[in-house]
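Architecture at a glance
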Amino acid sequence: MGIFASDVRYALRMMRSSPGFTAVAVAALALGIGANTAIFTVVNSVMLEPLPYPQPDRLMRLGRQYPNGHGYSNSIPKFMTWRQNYVFESMALYDFSPLGMRPGRRRPPRTS
């Protein structure tokens, strides 16, 4: 225990002798610990915690792919057809993409 105490005294003496280096080292440690905590919080809430629904293993995503194999689409008529088959307990329709139109223009939107 005596060696540890002398090492701590030596470390404090070195920190007092070079305050600039001490400030940079403390700031780097604080940023690293803060970033690590933030990333773990996001990963924990998004990937590790179970979904806030009863029986989350029964959730499904339905859709259809375009003929070229790229993209994923759902339409309201297709959703209404799927909804009438009573295979699923309940269904919901959602869309993450923006609307494909430009209000006030007579030509179709550009695809780039």
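Conventions and cut-offs
- Residues numbered from 1 in each chain as written.
- Predicted model: local features only at pLDDT ≥ 70, side-chain atom pairs only at ≥ 80, totals over all residues.
- Heavy atoms only, no water.
- Helix = DSSP H or I, 4+ residues; strand = E, 2+ residues; numbered from the N terminus.
- Contact = heavy atoms within 4.5 Å.
- Areas by Shrake-Rupley, 256 points an atom, 1.4 Å probe, with all protein chains shown as cover.
- Patch = residues over 30% accessible without salt bridge, like charges linked within 9 Å, V, L, I, M, F, W, Y side chains within 5 Å.
- Salt bridge = Lys/Arg side-chain N within 4 Å of Asp/Glu carboxyl O.
- Buried < 20%, exposed > 50% of the residue type's maximum accessible area, 1.4 Å probe, protein only.
- pLDDT = per-residue confidence, 0-100.

Overview of the overall build of the chain
Helix and strand content of the chain: 3 helices and 2 strands. Start at the N end of the chain and walk to the C end: the helices and strands fall as α-α-β-β-α. Taking the contacts inside the chain whose residues are at least 6 apart along the sequence as the reference set, 13% of them involve residues at least 24 apart. Within the structure as shown, the chain displays about 10800 Å² of accessible surface, and the carbon and sulfur contribution to it stands at 63%.

Quick look at a nonpolar patch on the surface
Together, I39, F40, V42, V43, V46, M47 and L48 give the surface a local cluster of nonpolar side chains, amounting to about 730 Å² of exposed area. Within the fold, L48 resides in helix α2 (residues 19-48). With a relative accessible area of 55%, L48 lands in the exposed category.

Some points on the confidence of the model for the chain
Of all residues in the chain, 84% attain a pLDDT of 70 or more, and the chain-wide mean is 82. By mean pLDDT, the top-scoring element of the chain is α2 (94), and the lowest-scoring one is strand β2 (residues 72-73) (74).

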